[in-house]
Amino acid sequence: DFALMAACLEDESQTPYRARLLPGAEDALAAARGRGAAGATFTGQGPALVAIAPAEANLAAIGTAMVAALARHGSPARWCHTQHQAKGAARRQL
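Rules and cut-offs
- Residues numbered from 1 in each chain as written.
- Predicted model: local features only at pLDDT ≥ 70, side-chain atom pairs only at ≥ 80, totals over all residues.
- Heavy atoms only, no water.
- Helix = DSSP H or I, 4+ residues; strand = E, 2+ residues; numbered from the N terminus.
- Expected span 1.5 Å × (residues − 1).
- Buried < 20%, exposed > 50% of the residue type's maximum accessible area, 1.4 Å probe, protein only.
- Arc of directions from axis to C-beta.
- Contact = heavy atoms within 4.5 Å.
- Polar contact = N/O pair within 3.5 Å; in protein donor to acceptor, adjacent residues only side chain to side chain.
- Core = buried A, V, L, I, M, F, W, Y, C linked by side-chain atoms within 4.5 Å.

Student: Can you break down helix H4 (residues 59-71) residue by residue, with the values?
Tutor: Between its terminal C-alpha atoms H4 stretches 18 Å, which fits the 18 Å expected from 13 residues at 1.5 Å a residue. All buried positions along H4 are accounted for by Ile62, Gly63, Ala65, Met66, Ala69 and Leu70. Axial view of H4: buried residues confined to an arc of 160°, hence all on one face. Where H4 is buried, its residues contact helix H3 (25-34) and strand E2 (48-52). Sitting at the amino-terminal end of H4 is asparagine 58, which places a side-chain oxygen 3.2 Å from the backbone nitrogen of alanine 60.

Student: Explain H3 to me, and be specific about the residues and the numbers.
Tutor: Looking at H3, one finds that the buried residues are Ala25, Ala28, Leu29, Ala31 and Ala32. Down the axis of H3, the smallest arc covering the buried residues is 160°, so these residues share one side. Exposed and facing more than 90 degrees away from the buried side of H3 are Glu26 and Gly34. Residue glycine 36 follows H3 closely and has a positive phi angle near 115°.

Student: Pulling in residues and values, what's your account of the nonpolar core?
Tutor: Core analysis: the largest hydrophobic core is formed by 16 residues, its most contacted members being Leu22, Ala25, Ala28, Ala32, Phe42, Ile62 and Met66. Residue assignment for this core shows that the elements contributing at least two residues are H3, strand E1 (39-43) and H4. Setting aside residues no more than four positions away along its own chain, leucine 22 makes contact with Phe42, Pro47, Leu49, Leu70 and Ser75.

Interpretation in functional terms is not warranted from these geometric data alone.
Below, the structure written as structure tokens:
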């Protein structure tokens, strides 16, 4: 449910604070959503951003738009994509 995922990615307490630390972050997050991402936010402790998108989304367009938005503000970036594991965690006997 990508609508629910997008709502879960909204963090009104931390995102505004973190965005001040990374020039262009708000534009990059908006660019991701504008190119088809279900949602986008900061991830981890550092200035990393993540966008979650459905399989039919143009991942290159999302990543390129985010990098371009950051570059316009002098923040160098690169993008990559990963695939989710549909199976999830597995329990194994050692």
